[in-house]
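# Secondary and tertiary structure notes
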Amino acid sequence: MQTTETTTQDDLKRLGEEIELKIHLASMDARDQWAELKKRLATIQHHAGQTLSNEVAVIGQALRKLRDEVFAA
């Protein structure tokens, strides 16, 4: 169950976009930190997408197997 305090990928993306808009005024250190965090965010989003795709495939396979077993009975 999600709460309003739960950070979602969309929240992270939105926060990143807000920071990116204002980053040109920041110090070089902040720019470096942003560059590293931006890479990590992209990595997380990529892995989350892969995980979701894998889970959908596994669940789909299990549902098809169950359907076949139920209809075969």
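Please read all numbers here as calculations on a predicted model, not as lab measurements.

The next subject is the pattern of salt bridges. Scanning the entire structure with this criterion turns up 3 salt bridges. For aspartate 11, the salt bridge identified is with arginine 14, shortest N-O distance 2.7 Å. Pair noted here: aspartate 11 and arginine 14 are both in helix α1 (residues 9-22), with a separation of 3 residues, about one helical turn. For aspartate 11, a relative accessible area of 28% gives the class partly exposed. Residue classification places arginine 14 among the partly exposed positions, given a relative accessible area of 44%. One salt bridge connects arginine 67 with aspartate 68, and the closest N-O pair in it is separated by 3.2 Å. Given the relative accessible area of 41%, arginine 67 is considered partly exposed.

Before going further, it helps to examine helix α2 (residues 28-72). The first and last C-alpha atoms of α2 sit 66 Å apart over 45 residues, in line with the 66 Å expected at 1.5 Å per residue. Turning to α2, its buried residues are Trp34, Leu41 and Gly60. Along its buried surface, α2 packs onto α1.

Thresholds applied
Residues numbered from 1 in each chain as written. Predicted model: local features only at pLDDT ≥ 70, side-chain atom pairs only at ≥ 80, totals over all residues. Heavy atoms only, no water. Salt bridge = Lys/Arg side-chain N within 4 Å of Asp/Glu carboxyl O. Helix = DSSP H or I, 4+ residues; strand = E, 2+ residues; numbered from the N terminus. Buried < 20%, exposed > 50% of the residue type's maximum accessible area, 1.4 Å probe, protein only. Expected span 1.5 Å × (residues − 1). Contact = heavy atoms within 4.5 Å.

These results come straight from atomic positions and should not be treated as a statement about function.
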